[in-house]
Amino acid sequence: MDFPGNLFVVSAPSGAGKSSLVRALREADGRIVPSVSHTTRAPRGQETHGREYFFVDDAEFSALVEQDAFVEWAHVHGKRYGTSRQNVESLLQAGQDVLLEIDWQGALQIKRRFAQAVLTFVLPPSWGELRARLQRRGEDAPEVIEMRLENARAELAQAKNFDFVIINAVFSSALKDLQSIVHAQRMRYRCQQYIHAEVFRALNMG
Ligand SMILES: Nc1ncnc2c1ncn2[C@@H]1O[C@H](COP(=O)(O)OP(=O)(O)OP(=O)(O)O)[C@@H](O)[C@H]1O
Ligand SMILES: Nc1nc2c(ncn2[C@@H]2O[C@H](COP(=O)(O)O)[C@@H](O)[C@H]2O)c(=O)[nH]1
């Protein structure tokens, strides 16, 4: 399917810093629209229904899967997460630049459905720093942190399937990398529109 908006996907092991990077990107770039996912996990800290996530129970999530309401969904860290098809497609159709912050399984599902999607994987600088970030964030129980670190091993192996990899060591550099990816895709899109217009004109001149 071809839509006028750009579609960006950012994935990372838990704690690598993707939410922080995406937040900073959005503060600097008002054209990026996030998609609010559905999840069966419980809210953390100050998280609010409809802002960070739509928090639903298992039965509601299953009903949405049955209705084909998700453009992608996956089991992540023992819970289910999904992206609303209606939301993403209507934003893209309206020409918005949409950013999905989802896990690697969802990212690969998105690439199969939207060939133009740009997939970025964020890596932490080291294992020690990944653990330290999860601990410093202080929002997950120790056993949840251990499970997320364990899952990170398999997740890291997926980086090779992404279009871009960013190492989030120095935050400001990683942010610049992400901004460059967004900028390059916008330029590419503009260039394609120009070429299409020129080819169309040439054919009609013939
Ligand atoms: N470059 C960085 N240097 C030091 N700390 C960082 C850096 N980037 C992010 N952090 C911190 O690391 C912690 C984890 O970041 P964040 O919550 O953005 O991770 P995440 O990848 O979105 O995790 P999750 O998938 O669990 O939501 C936060 O406390 C954040 O402030
Ligand atoms: N496949 C999907 N993954 C998603 C979605 N929304 C979030 N996520 C990913 O889940 C983990 C854990 O997130 P957390 O908020 O519980 O820390 C993280 O990798 C997210 O990117 C989604 O809609 N689909």
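Residues numbered from 1 in each chain as written. Chains lettered and ligands numbered in written order. Predicted model: local features only at pLDDT ≥ 70, side-chain atom pairs only at ≥ 80, totals over all residues.

With an unreviewed UniProt entry as reference, the chain is termed Guanylate kinase, source organism Ottowia cancrivicina. Quoted straight from UniProt, the Function (unreviewed entry) entry for the chain says "Essential for recycling GMP and indirectly, cGMP." Within the UniProt record for the chain, the comment given under Catalytic activity (unreviewed entry) is "GMP + ATP = GDP + ADP". (UniProt positions renumbered as here; feature names shortened; annotations may be inferred.)

*Asks:* So what's going on with the overall build of the chain? Residues and values would help.
*Replies:* Along its length, the chain carries seven helices and nine strands. Since a compact globule built from 206 residues should have a radius of gyration of about 17 Å, the 18 Å found for the chain is in line with a globular shape. Along the three orthogonal principal directions, the C-alpha set of the chain runs to about 70 × 40 × 30 Å. Across the 206 residues that make up the chain, the buried fraction comes to 28%. (Helix = DSSP H or I, 4+ residues; strand = E, 2+ residues; numbered from the N terminus. Rg over C-alpha atoms; globule rule 2.2 N^0.38 Å. Buried ≥ 20, exposed ≤ 12 C-beta atoms within 10 Å, placed from the backbone.)

*Asks:* Quick rundown of helix H7 (residues 171–205)? Include the residues and the values.
*Replies:* The α-helix advances 3.6 residues per turn, and as a result positions three or four apart in sequence lie on the same side. With 35 residues, H7 ought to run about 51 Å at 1.5 Å a step, and its terminal C-alpha atoms sit 51 Å apart, in line with that. Judged by how many residues are buried, H7 sits mostly at the surface: three of 35 residues are covered. Of all the residues in H7, the buried ones are Ala174, Leu175 and Leu178. Contacts made by the buried residues of H7 are with helix H1 (18–28), strand S8 (118–123) and strand S9 (164–167). (Expected span 1.5 Å × (residues − 1). Contact = placed C-beta atoms within 7 Å.)

*Asks:* Please provide a residue-by-residue account of the sheet that holds strand S5 (residues 70–76), values included.
*Replies:* Within the open sheet, the four strands sit side by side as S4-S3-S6-S5. Their pairing is mixed. The sheet terminates laterally at strand S4 (53–55) and S5, the two strands that pair on one side only. Averaged over neighbouring strand pairs, the angle between their axes works out to 25° when direction is ignored. With two bridges connecting them, strand S3 (residues 37–39) and strand S6 (residues 79–84) associate as antiparallel partners. Residue Thr39 lies in a different strand from S6, and its bridge partner there is Tyr81. Against the sheet, helix H3 (residues 85–93) contacts S5 and S6, and its axis sits at roughly 35° relative to S6. (Pairing = 2+ DSSP bridges. Axes fitted to C-alpha atoms, helices over the stretch in contact; angles between N-to-C directions.)

*Asks:* Any details on the sheet that holds strand S2 (residues 32–34)? Residues and values, ideally.
*Replies:* Ordered by their spatial adjacency, five strands build an open sheet running S2-S7-S1-S8-S9, and the pairing between neighbours is parallel. Of all the strands in the sheet, just S2 and S9 have a single pairing partner and so form its edges. Strand after strand, the sheet turns through a mean of 25° between neighbouring axes, direction not considered. As paired strands, strand S1 (residues 7–11) and S8 are joined by four bridges and run parallel to one another. Within the sheet, the bridge partner assigned to Val9 lies in S8 and is Leu119. Strands in contact with H1 are S1, S2, strand S7 (97–101) and S8; relative to S7, the strand with the most contacts, it is inclined by about 165°. Against the sheet, H7 contacts S1, S8 and S9, and its axis sits at roughly 160° relative to S9.

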